[in-house]
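Overview (structure and organization)
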Amino acid sequence: MRIGSDEHKELFCRAFMDAHLPYEPKDLPWPELDPRSLEILRAVPVWNMALQVEVNAGAMLDTFAKSQPDPLIREALALQGYEEARHGRMLEELSSRYGLGAQKEPPSLAPTRQAFVTFGYNECLDSFFGFGVFKIARDVKFVPDALTSVFARVLVEEANHIVFFVNWISYERARRGFTSPWLQAVPTTIGYIRALRKTMGRAGQTNTADKGLTAVGDIFSGLTLQSFLQACLSENDRYMAAFDPRLLRPRVIPALARFVLGVAHFGASLGLGQARKDDVARS
Ligand SMILES: [Fe+2]
Ligand SMILES: [Fe+2]
């Protein structure tokens, strides 16, 4: 299958739309939470920001979709807009049930191609780390399984979104004549640098002064950079394995994570080798 062909477009649009799950957040089996879980959840400082990202994305995609001339792409983008708006409703439901106090502003993202591209790269970045955070949160029982199970569907949807996005952008660029890997690599690199700047900007705005965060920090205290990246990578591989092998997958962030892990292992093995030499010299 040629990237940029009609066959490619049919495949990535249909695969995305066929994976759509019908549900409404208020109808999901939200569990009662014990006081400790409530305290931990209320200490997480991202609810306002996360809600606003979904609200902005839903509105941006809904309008951007309408501007698309291709009916299949228009339909798929509109569906993603619906799912992002529903993620917003998930967070509103979570917030109102457990008293998290998340507030939303009116949507403020211009419905342009550039906004969707920046959002798409951001999703690739955020989902990769989100997969790992979710896995670790589940393993350490950050909150009861009954609640992580409710949110598992959001992670599956984000995996669908990023696979749709990387195929859509490669299709678009191929249609405009940017078929060689180098012509795709430059805008991809720019896209990820923008995404990284945006994610770091968001992190800087997050209020981490809440003392309840100590409880959150304690739960994750045994975590190293390596074990975190390993969790992100293995979860990313697991989600990506579910897609048709002909579809493209996000590659840049997993490749960077593998590189960092490789360097860390190499450094650790050098340190181990030096420690052995020191032992021999001392004996
Ligand atoms: Fe979302
Ligand atoms: Fe998404």
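Scroll up a little and you will see the structure.
Quantities reported herein were computed from a predicted structural model and do not represent experimental measurements.

1. Observations concerning the coordination of the iron ion (ligand 2)
- Bound to the iron ion (ligand 2) are the protein donor atoms Glu-84 (OE), Glu-123 (OE), Glu-158 (OE) and His-161 (ND1), situated 1.9 to 2.1 Å from the metal.
- Seen from the iron ion (ligand 2), its 4 donor atoms lie at angles of 82 to 165 degrees, and the figure they make is irregular.
- The sequence motif formed by the donor residues of the iron ion (ligand 2) is E-x38-E-x34-E-x2-H.
- Taken as a pair, the iron ion (ligand 2) and the iron ion (ligand 1) lie 3.3 Å from each other and share Glu-84 as a ligand. Remark: Glu-123 occurs in helix H5 (residues 113-139) and Glu-84 occurs in helix H4 (residues 71-98); sequence separation between them is 39 residues. Comparing Glu-84 with Glu-123 shows no difference in burial state: the two are buried.

2. Looking at the nonpolar core
- In terms of nonpolar packing, the biggest core is built from 75 residues, with Phe-116 and Trp-168 touching the most fellow members.
- For this core, the element with the highest residue contribution is helix H6 (residues 145-175), accounting for 14 residues.
- Apart from residues lying up to four places away in sequence, Trp-168 is in contact with Phe-12, Phe-64, Ile-73, Arg-113, Phe-116 and Val-117.

3. Observations concerning the packing of helix H3 (residues 47-66) against H4
- Direction vectors running N to C along H3 and H4 enclose 155 degrees, while the axes themselves pass 8 Å from each other. Taken together, the axis directions place H3 and H4 in an arrangement best described as roughly antiparallel. By crossing handedness, the relation of H3 to H4 is classed as left-handed. Side by side, H3 and H4 meet where Trp-47, Ala-50, Leu-51, Glu-54, Ala-57, Gly-58, Leu-61, Asp-62, Phe-64, Ala-65 and Lys-66 of the first sit next to Arg-74, Leu-77, Ala-78, Gln-80, Gly-81, Glu-84, Ala-85, His-87, Gly-88, Leu-91, Glu-92 and Leu-94 of the second.
- Considered class by class, the residues forming the contact of H3 with H4 number 12 nonpolar, 5 polar and 6 charged.

4. Structural notes on a nonpolar patch on the surface
- Together, Leu-225, Phe-259, Val-260 and Val-263 make up an exposed nonpolar region whose accessible area comes to about 390 Å².
- Of the residues forming the nonpolar patch, the biggest block, 3 residues, is contributed by helix H10 (residues 252-282).
- Inspection of the secondary structure assignment puts Phe-259 in helix H10.

5. Description of the environment of Asn-160
- By the element assignment, Asn-160 lies in helix H6.
- Distance in space between the C-alpha atoms of Asn-160 and Phe-12 is 9.8 Å, their sequence separation being 148 residues.
- For Asn-160, the contacting residues outside a window of four places in its chain are Phe-16, Ala-19 and Phe-243.

6. What to know about the environment of Arg-113
- When you line up the elements, Arg-113 lands in helix H5.
- Arg-113 gets classed as partly exposed once you look at its relative accessible area, which sits at 30%.
- Along the sequence, Arg-113 and Leu-61 sit 52 residues apart, while their C-alpha atoms lie 9.5 Å from each other.
- Arg-113 has contacts with Phe-64, Trp-168, Ile-169, Glu-172 and Arg-176, leaving out every residue within four places of it along the chain.
- A polar side-chain atom of Arg-113 sits 3.0 Å from a polar atom in the side chain of Glu-172.

7. Here's the deal with the coordination of the iron ion (ligand 1)
- Coordination of the iron ion (ligand 1) by the protein involves Glu-54 (OE), Glu-54 (OE), Glu-84 (OE), His-87 (ND1) and Glu-158 (OE), with metal-donor separations of 2.1 to 2.7 Å.
- Sequence positions of the residues that donate to the iron ion (ligand 1) give the spacing E-x29-E-x2-H-x70-E.
- A relative accessible area of 11% places Glu-54 in the buried class.

Thresholds, definitions, all that
- Residues numbered from 1 in each chain as written.
- Chains lettered and ligands numbered in written order.
- Predicted model: local features only at pLDDT ≥ 70, side-chain atom pairs only at ≥ 80, totals over all residues.
- Heavy atoms only, no water.
- Donors = N, O, S within 2.8 Å, 3.2 Å for Na, K, Ca; no water.
- Tetrahedral: all angles 85-135°; square planar, octahedral: opposite > 155°, others 65-115°.
- Helix = DSSP H or I, 4+ residues; strand = E, 2+ residues; numbered from the N terminus.
- Buried < 20%, exposed > 50% of the residue type's maximum accessible area, 1.4 Å probe, protein only.
- Core = buried A, V, L, I, M, F, W, Y, C linked by side-chain atoms within 4.5 Å.
- Contact = heavy atoms within 4.5 Å.
- Axes fitted to C-alpha atoms, helices over the stretch in contact; angles between N-to-C directions.
- Parallel < 35°, antiparallel > 145°, perpendicular 65-115°, else oblique.
- Left-handed = near helix turned anticlockwise from the far one by under 90°.
- Nonpolar A, V, L, I, M, F, W, Y, C, P; charged D, E, K, R; others polar.
- Patch = residues over 30% accessible without salt bridge, like charges linked within 9 Å, V, L, I, M, F, W, Y side chains within 5 Å.
- Areas by Shrake-Rupley, 256 points an atom, 1.4 Å probe, with all protein chains shown as cover.
- Salt bridge = Lys/Arg side-chain N within 4 Å of Asp/Glu carboxyl O.
- Polar contact = N/O pair within 3.5 Å; in protein donor to acceptor, adjacent residues only side chain to side chain.

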